[in-house]
Structure formats: structure tokens, C-alpha cells
Amino acid sequence: MTHTYPHGVPSWIDLEVADVDAALAFYGALFGWSFTEKLPPGAPGRYVVASLDGTDATAVAAFATPDPGAPAEGAVAWNTYLAVDDAAAAAARVAELGGQVVTPPEPVGPPGSVAGTMVRFRDPQGAPGRLWQAGTRPGAQVVNAPGTWNFSNLRTPDGGAALAFYGPLLGWAVDPELAIGMARVPGYGDHLAATSDPDIHDRQAGFAPPGFADAVAGIEPTDGPAHWSIVFAVADRDAAAEAARRAGGTVVSTDDNAWVRAVTVRDPFGAELVLSQFAPQGA
């Protein structure tokens, strides 16, 4: 069953890096991913989709050479794509809400088989992001399982200002039970139950507050520049940290809380990622 993403839900991630082969070696060793070239031989640049078994049905992320025609976005970092129903309308809304459209809506892929329409933007606090109107590529097909994308967190010096932008743009809401640290798209849990995760409400009933199934992104404070942070699920935090070290990464910090055991890792290209083991206390 195809995993689809309603308007406002983060749907895809990719990493733009000059040495794609080195990135494939690092992340292949870390997660055991398979890789498929998506651009034909002789095409400028590369776009390589990572999956669990080499098929689009288990696609989890992608790697690309930087687009020479796009403005530089700063340090190497994982990109989070936010699903929108209409890329042109969403781009106009970005400008209305005080953000900056870095590149206007542009189709990705050949005519007749357009993967989607992308918009590069910066929010009012400077965090770079991507909007994605899906075509043939709806987004990640396996999430939350070990070795796959788990969550994206917006790290921002002003959570209220961030919500003033992303709320009207994407339909994000924040409930007192979830606090400002968790944004949700109302009805997303019901969408998951009807399409790709029929047991989600029953599975979360024992521990999660109302509305948790609708959660789509975290909003975390930071003293530094606003940016998106990527979290990957792992079965064993310590083993994953050691695998990252062996592959050439650097452990930045570890964090244990009531729900997860996590480690922040910097890959050989400077991009940071969080490896998170779901380990609720008392489970």
C-alpha cells in the first residue's frame, strides 16, 4: 500500500553532497540501505534513492549532487520536504507570511513522469526548507522502523514565531497536551489508519496523549540559527553509534529521556543526524 502524505506533513528527506559515492558508503554501512540511480547515464548530476530492498516500495531517503543552478543553502545538511497540495499557491503563501522563496516551483523529472514539484524556501528565521507537491514520488514509503526516517524537528530560537509562519502555511496546530514542542496536522492519524497504518490508534492508546497520532514535526528551542534536524530510528542506540564511528562519523552527544535513547552523529561531510532508539521507561 502506498504511503501518501496530506498537506502539511513532512514527506521526504534527502542529502545533497559533492561526493555521492562516499555518502552511499557511509549510510550503507550505517543502515544497510540499498541504492538505485534515478537519473539516466550522461545526465548532469546524480539522484540516488535509498531503500530497504532496492525497490521504490521501500524507499526511505535520497542522495544528490548539489544543483549548480540553485543558490547555496549553507553547510551540508539533510533536507526535509513538506507536502503541499499546490506548490504554486504554497510558494505565494510563503512570501505573504514573511518567508523567502529561494527557487520558484519547478517540476522534478521528465515530462510525463514528473516525480513532483519542488519549492526551495527559507522561513522568516532563516531555516531552509523544501515544499513538495507529489507526482509519481509521494514520499518515504517506510518510516519509523529501525534504519528509516523517524521524525524531523524544526530547531528555532522562537517557537511562537515559527508557528505563526508554519501554522497558516501548512495547517499546523499545537495542543496544550502536546505543548509547543509538537506540531500536528489534524486528521493525519485518521489518514494513516485508513491508508498505511490501520493499528495506529490502538497501538498508541496505552501511552500517548490525545492528538499524538496527528503529530508531524517537533519544534525545539536552539540558541543557534534556525534549521531542520533529522531523526532516524535505530534498534540499538549504542550499536548504531559504534557503526557510525566505524564508518567515519563522529559522535557529538547522547541523550536519554523517558521515551528514547538517542545519539547525535556528524557524518563525514558535516551533516548532523540523530539516531533514536525507542525505549520508554517501564516498558
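Check the entry above for the structure.
In what follows, the accompanying structure is described. Here the structure is a predicted model, which is why all the values come from computation and not from measurement. (Residues numbered from 1 in each chain as written. Predicted model: local features only at pLDDT ≥ 70, side-chain atom pairs only at ≥ 80, totals over all residues. Heavy atoms only, no water.)

**Structural notes on the overall build of the protein**
Reasoning step 1: A count of helical and extended segments in the protein gives 6 helices and 15 strands.
Reasoning step 2: Principal-axis analysis of the C-alpha atoms gives the protein an extent of 55 × 45 × 40 Å.
Reasoning step 3: Within the protein, the fraction of its 283 residues that count as buried is 45%.
Reasoning step 4: Total accessible area on the protein is roughly 12500 Å²; 55% of this is exposed by carbon and sulfur atoms.
Reasoning step 5: For the protein, the distance from the average position of its 15 positive side-chain charges to the average position of its 31 negative side-chain charges is 4 Å. (Helix = DSSP H or I, 4+ residues; strand = E, 2+ residues; numbered from the N terminus. Buried < 20%, exposed > 50% of the residue type's maximum accessible area, 1.4 Å probe, protein only. Areas by Shrake-Rupley, 256 points an atom, 1.4 Å probe, with all protein chains shown as cover. Lys, Arg positive; Asp, Glu negative; His and termini not counted. Charge placed at Lys NZ, Arg CZ, Asp CG, Glu CD.)

**Quick notes on the sheet that holds strand β4 (residues 59-64)**
Reasoning step 1: Spatially, 8 strands are ordered β2-β3-β4-β1-β5-β8-β7-β6 in an open sheet, and the strand pairing comes out mixed. Edge positions in the open sheet fall to β2 (34-37) and β6 (100-108), since each of these has one partner strand only. Strand-to-strand twist of the sheet, defined as the mean angle between neighbouring strand axes without regard to direction, takes the value 30°.
Reasoning step 2: Inspection of the sheet shows β6 paired to strand β7 (residues 116-122) by 6 bridges, in the antiparallel sense. The residue of β7 that forms the bridge with V101 is F121. (Pairing = 2+ DSSP bridges. Axes fitted to C-alpha atoms, helices over the stretch in contact; angles between N-to-C directions.)

**Remarks on the sheet that holds strand β12 (residues 227-233)**
Reasoning step 1: Spatial strand order, β10-β11-β9-β12-β15-β14-β13: 7 strands in an open sheet with mixed pairing. The sheet terminates laterally at β10 (182-184) and β13 (250-256), the two strands that pair on one side only. On average, each strand axis in the sheet is tilted by 30° relative to the strand beside it, whichever way the strands run.
Reasoning step 2: In the sheet, β10 pairs with strand β11 (residues 215-221) via 3 bridges, with the strands oriented antiparallel.

**Regarding helix α2 (residues 87-96)**
Reasoning step 1: Taken together, the buried positions of α2 are A87, A90, A91 and V94. Across the axial projection of α2, the buried residues extend over an arc of 105°, all falling on one side.
Reasoning step 2: Buried residues along α2 sit against β6, β7, β8 (128-134) and α3 (159-170).
Reasoning step 3: One or two positions beyond α2, positive phi appears at G98, with a value near 95°. (Arc of directions from axis to C-beta. Contact = heavy atoms within 4.5 Å.)

**Brief notes about the side chain of N79**
Reasoning step 1: Secondary-structure assignment places N79 in strand β5 (residues 78-83).
Reasoning step 2: The residues touching N79, leaving out its near neighbours within four places in the chain, are W12, I13, D14, E16, E73 and R130.

**Brief notes about the packing of α2 against α3**
Think of two packed helices as two axes; the pair is described by the angle between the axes and how far apart they sit.
Reasoning step 1: Running from amino to carboxyl end, α2 crosses α3 at an angle of 155°, the nearest separation of the two axes being 10 Å. As far as their axial angle goes, α3 and α2 are roughly antiparallel. Here α2 runs over α3; the crossing is right-handed. Contacts from A90, R93 and V94 of α2 reach α3 at F165, P168 and L169.
Reasoning step 2: A breakdown of the residues in the contact of α2 with α3 according to their chemical character gives 5 nonpolar, no polar and 1 charged. (Parallel < 35°, antiparallel > 145°, perpendicular 65-115°, else oblique. Left-handed = near helix turned anticlockwise from the far one by under 90°. Nonpolar A, V, L, I, M, F, W, Y, C, P; charged D, E, K, R; others polar.)

**Some remarks on the packing of aromatic side chains**
Reasoning step 1: All told, the structure shown has 19 aromatic pairs when counted by the stated rule.
Reasoning step 2: Ring centres of F63 and W78 lie 5.5 Å apart, and the angle between their planes is 70°; this geometry places the pair in the edge-to-face category. Of this pair, F63 sits in strand β4 while W78 sits in strand β5; the two residues are 15 residues apart in sequence, bridging distant segments of the chain.
Reasoning step 3: Where F121 meets F165, the ring centres are 6.2 Å apart and the plane angle is 35°; that geometry is what we call tilted. With F121 in strand β7 and F165 in helix α3, this pair connects stretches of sequence that are 44 residues apart. (Phe/Tyr/Trp six-rings, centres within 6.5 Å; stacked < 30°, edge-to-face > 60°.)

**Details of the pattern of salt bridges**
Reasoning step 1: Scanning the model with the defined rule gives 17 salt bridges in all.
Reasoning step 2: The partner of R184 in a salt bridge is D214, with the nearest N and O atoms 2.9 Å apart. Of this pair, R184 sits in strand β10 while D214 sits in the loop between α5 (200-204) and β11, placing them 30 residues apart in sequence.
Reasoning step 3: The buried category is assigned to R184, whose relative accessible area is 14%. (Salt bridge = Lys/Arg side-chain N within 4 Å of Asp/Glu carboxyl O.)

**With respect to the pairing of β13**
Reasoning step 1: The sheet contact formed by β13 and strand β14 (residues 260-266) spans 6 bridges and is antiparallel. Of the residues in β14, the one forming a bridge with S253 is T264.
Reasoning step 2: Between β13 and β14, which pair antiparallel and follow one another directly, the connecting turn spans 3 residues.

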